Structures are given as C-alpha cells and as structure tokens.
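Structure assessment
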Amino acid sequence: KLKHGRDVFGQGYLYRIVPKTMIAIVENLIDDEKKLGIDPAKPTFVPYDKGDKGGNRWYLQTPFVINWSKENVTFLKKNSGKKGSGMPVVRNSKFYFREGLCWSDVHTIDIKSRLKNSGVYDVKSMSLFSKYDYLNDDLLVVILNSNIISKYVFAFINHTSSFQINDARQLPIVIPTKLQGDILEEMFKTGVKLRKLQDNGDDQAGVKLIQLQQEVDKLVEGIYIGKDS
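All residue numbers refer to positions counted from 1 along the written sequence of the respective chain. Two thresholds apply to this predicted model, a pLDDT of at least 70 for residue-level local features and 80 or more for giving and counting side-chain atom pairs, whereas whole-chain, interface and lining totals are computed over all residues. Side-chain measures here rest on the full set of heavy atoms in the structure, leaving out hydrogens and waters.

**What to know about the packing of helix H4 (residues 147-157) against helix H7 (residues 203-225)**
Definition in use: To get an axis, fit a line to the C-alpha atoms, keeping to the stretch in contact for a helix; angles then go from 0 to 180 degrees between the N-to-C directions. Numbering of helices and strands runs from the N terminus, with a helix taken as a DSSP run of H or I at least four residues long and a strand as a DSSP run of E at least two residues long. Working definition: roughly parallel below 35 degrees, roughly antiparallel above 145 degrees, roughly perpendicular at 65 to 115 degrees, and oblique for all remaining angles. Note on definitions: a residue-residue contact is assigned when non-hydrogen atoms from the two residues lie within 4.5 Å. Gly counts as polar in this scheme, as do all residues outside two lists: the nonpolar Ala, Val, Leu, Ile, Met, Phe, Trp, Tyr, Cys and Pro, and the charged Asp, Glu, Lys and Arg.
In contact at an axis separation of 7 Å, H4 and H7 are set at 60 degrees when each is read in the N-to-C sense. The angle between H4 and H7 places the two elements in the oblique class. Contact residues: Asn-147, Ile-148 and Ile-149 in H4; Asp-217, Val-220, Glu-221, Tyr-224 and Ile-225 in H7. Broken down by class, the residue content of the contact of H4 with H7 amounts to 5 nonpolar, 1 polar and 2 charged.

**Brief notes about the packing of aromatic side chains**
Rule in force here: Pairs were defined over the aromatic rings of Phe, Tyr and Trp, the Trp ring being its six-membered one, requiring ring centres within 6.5 Å. Orientation was assigned from the angle between planes: stacked under 30 degrees, edge-to-face over 60, tilted for the rest. Classification of residues uses two cut-offs on accessible area relative to the type maximum, computed with a 1.4 Å probe and protein chains only: under 20% is buried, over 50% is exposed, and between them is partly exposed.
Inspection of the entire model under this criterion finds 8 aromatic pairs. Ring geometry for Trp-68 against Tyr-96: centres 5.9 Å apart, planes inclined by 75 degrees, an arrangement best described as edge-to-face. Here Trp-68, found in the loop between strand S3 (65-67) and helix H2 (70-79), pairs with Tyr-96, found in the loop between H2 and strand S4 (100-104); they are 28 residues apart in sequence, far enough to count as distant. Comparing Trp-68 with Tyr-96 shows no difference in burial state: the two are buried. Between the aromatic rings of Tyr-96 and Tyr-121, the centroid separation amounts to 5.4 Å while the plane-to-plane angle is 80 degrees, which identifies the pairing as edge-to-face. Highlighted residues: Tyr-96 in the loop between H2 and S4 and Tyr-121 in strand S6 (residues 120-121), separated in sequence by 25 residues.

**Some words on the side chain of Glu-33**
Short version of the rule: Residues adjacent in sequence count toward polar contacts only when both atoms are side-chain atoms; beyond that, a polar contact is any pair of N or O atoms within 3.5 Å, and within protein one must be able to donate a hydrogen and the other to accept it.
Note that Glu-33 resides in helix H1 (residues 31-36). Only 2.9 Å separates the side chain of Glu-33 from the side chain of Lys-42, close enough to count as a polar contact. Not counting the four nearest positions on each side in its chain, Glu-33 is found in contact with Asn-28, Ile-38, Lys-42 and Trp-68.

Okay, structure coming up:
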C-alpha cells in the first residue's frame, strides 16, 4: 500500500485475483463469443481496460480482467442502465474487442495516449479507432502525446482536467506528409518498445522515453505551425 498508493486495496480496486488458466486468448475468440459471451466450459475472463491512473503513454497492459461468460454478458446487456445499486452500464459494445488508441478521461495538462489492446473497456478509458491508413491509430497516439496538442486542448477546448470523446472531436488534425508519417510511425514503435522495457525494470528506458518525448514535441509542432521538422 505504501508503494502503490492508498487506493490499491480500496473498495472496487482489487476484487479478485484470476489465474492465467481462467483468462481467454482473445485472438482465438469467435464473433459470437465476443458479442454473446463465452461458454463456461472454456476460460471466460478477458482483458478489461478501466483507464490508467498512472498516466502512462504509448502502451499499457491492463492488469484487469472481466468475466465474459454467456451468463454475465446476458446480465450486463439486460440490466444496462437500470436503476439500482450495482446496475451496469454498457456503452458502444460494438467496439469491444477492437484494437485502437485510448487515454484516461482525467489527466493533468498533458494528454497521455497509448495503444489499446483487444478487449472490453469502460468509460474511464476514452477510446478511438481510426478508419484511415494515412492517419492510423499509431500516428494519432503520437500526435495526441505531443505538447502542442495538450496546450491547444487546454487553451481552446477544455481547460479542466477532463478530456473526453466530444472534446477529441474538436481537435484539428493536420495530415502529415508521407515522410512525416513514416517518422511518426517509427516514434510510436520506439515508444511502445521502451514502455515495455520500462515495465520489465529497465531504468534507462525511462530516460530514453523522456528524450523521445522531446523529439515528438518538436516534430508535431513543426507539422502544425510549419516549422522545419
């Protein structure tokens, strides 16, 4: 508790420790299992993204899972939005089990976006899914992680500590050139690689991430205001 903060063992934070044998391999799920739930004879828990209180950029493997059994999914959908204690709210379930990008709705001035893994998510994890190859999820993660975008949001869109989907819709997105896009793509791959190394205890990875962030800020600022990148 001293190491991780006062809320680690608080109500609603740690409910159950689930063995790996009970966690489904999302890539092996068929469409009906994603939509209607998994047969209880199989592993039924799937990744559950509840946001990231630590505010990590680039990549984060969510530590949470949710029981996606047929019984539970039926309950969630049948009771979604009903009044009463503990009643669920299911929103935009058609986007579940899709990879994309996300960020926590509450943040400091800096927006901290990251790759979103396939699974289920709640309102605390704002999620987007790009439809375009020339402005894919990877490029949007880098752009959202830039200093100039955070400053723009705070100055012109939302000056509170919240940044939600309706705020994101108001962002002006400058389409990068092919060369700029290739550089942004490499920055994204580097950021994900360094985040994973940092998770594995590599202290130098954190230093390199700071350096990468400085390069991102310079490049994206150049894209937006016309400076040489």
